[in-house]
Amino acid sequence: MWFIESGGPRLYTEVEFGPEDCLVFGRETAGLPKKWLEEDRDHWLRIPMFNPEARSLNLSNCVAVVLYEALRQQGFPGEFEPGRPAHA
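Here the residue numbering is sequential within each chain, running from 1 through the sequence in written order. In view of the model being predicted, local features appear only for residues whose pLDDT reaches at least 70, and side-chain atom pairs are presented and counted only at 80 or more, with totals across whole chains, interfaces and linings using the full set of residues. Side-chain measures here rest on the full set of heavy atoms in the structure, leaving out hydrogens and waters.

Draft legend 1. Molecular detail of helix 2 (residues 59-73). Across its 15 residues, helix 2 extends 21 Å between first and last C-alpha, which sits within 8% of the 21 Å expected from 1.5 Å per residue. Buried, partly exposed and exposed residues are distinguished by accessible area as a fraction of the type maximum, computed with a 1.4 Å probe on protein chains only: under 20%, between the cut-offs, and over 50%, respectively. Helix and strand labels come from DSSP, where a helix needs a run of H or I of at least four residues and a strand needs a run of E of at least two; each type is numbered from the N terminus. Buried residues of helix 2: Cys62, Val66, Glu69 and Ala70, and no others. Along the axis of helix 2, the buried positions cluster into a sector of 100°, meaning they face one direction only. Note on contacts: a residue pair is in contact if any heavy atoms of the two residues lie within 4.5 Å. Contacts from the buried residues of helix 2 go to strand 1 (2-4) and strand 3 (23-25). A helix is expected to span 1.5 Å multiplied by its residue count minus one. The directions from the helix axis to the C-beta atoms form the arc being described.

Draft legend 2. Broad picture of a nonpolar patch on the surface. Taken together, Val63, Leu67, Tyr68 and Phe76 make up a surface patch of nonpolar side chains, about 340 Å² in accessible area. Counting through the fold element by element, Leu67 comes out in helix 2. For Leu67, a relative accessible area of 36% puts it in the partly exposed group. Patch building starts from residues that exceed 30% relative accessible area and form no salt bridge, then joins like charges within 9 Å and nonpolar side chains (Val, Leu, Ile, Met, Phe, Trp, Tyr) within 5 Å. Under the convention used here, a 1.4 Å probe and the Shrake-Rupley method define accessible areas, while residue burial counts only the protein chains that appear. Definition used for salt bridges: Asp or Glu carboxyl oxygen within 4 Å of a side-chain nitrogen of Lys or Arg.

Draft legend 3. Looking closely at the sheet that holds strand 3. Strands pair, by our definition, only if DSSP identifies at least two bridges between them. Strand order across the open sheet formed by 4 strands is 2-4-1-3, with parallel pairing between neighbours. The open sheet has two edge strands, strand 2 (10-11) and strand 3, and neither has a second partner. Note that strand 2 and strand 4 (residues 44-46) share 2 bridges and pair parallel. When the bridges of strand 4 are listed, Leu11 appears paired with Arg46.

Draft legend 4. Quick look at the pattern of salt bridges. As enumerated under the stated definition, the model contains 2 salt bridges in all. Close ionic contact of Arg41 with Glu38 constitutes a salt bridge, the shortest N to O distance being 3.5 Å. Here Glu69 ties to Arg72 by a salt bridge, and the two come within 2.9 Å at their closest N and O atoms. Here the residue Glu69 and the residue Arg72 both occupy positions in helix 2, the gap between them amounting to 3 residues, near one helical turn.

Draft legend 5. Inspection of the nonpolar core at higher detail. Throughout this description, the term nonpolar core refers to a set of buried Ala, Val, Leu, Ile, Met, Phe, Trp, Tyr and Cys residues connected via side-chain atoms within 4.5 Å. Within the largest apolar cluster, 11 residues are counted, these being Trp2, Ile4, Tyr12, Val15, Phe17, Phe25, Leu45, Ile47, Cys62, Val66 and Ala70. Residue assignment for this core shows that the elements contributing at least two residues are strand 1 and helix 2. Not counting chain neighbours up to four residues away, the residues in contact with Phe17 comprise Trp2, Tyr12, Leu23, Leu45, Val66, Glu69, Ala70, Gln73 and Gln74. Counting 5 residues, the second-largest nonpolar core is a separate cluster that includes Phe3, Val24, Leu37 and Trp44.

Have a look at this one:
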């Protein structure tokens, strides 16, 4: 499991994601339980922020950013290929 939450010790781009990994995101208003993050700091990741006044990114944007990095690392398995039927 990877916990994506502000304040994480590592960037999401610094780890290698696998096909069985789970990405866990907290609610925009409350985030993830601090107990989870502190107990598994090796799996606590962050997305870089550039405005100190901004609290966080929109949750759906965060999910898209990290999910696509995980899929990119794995070569986009299951990608729809143009010119090929989607069900093939």
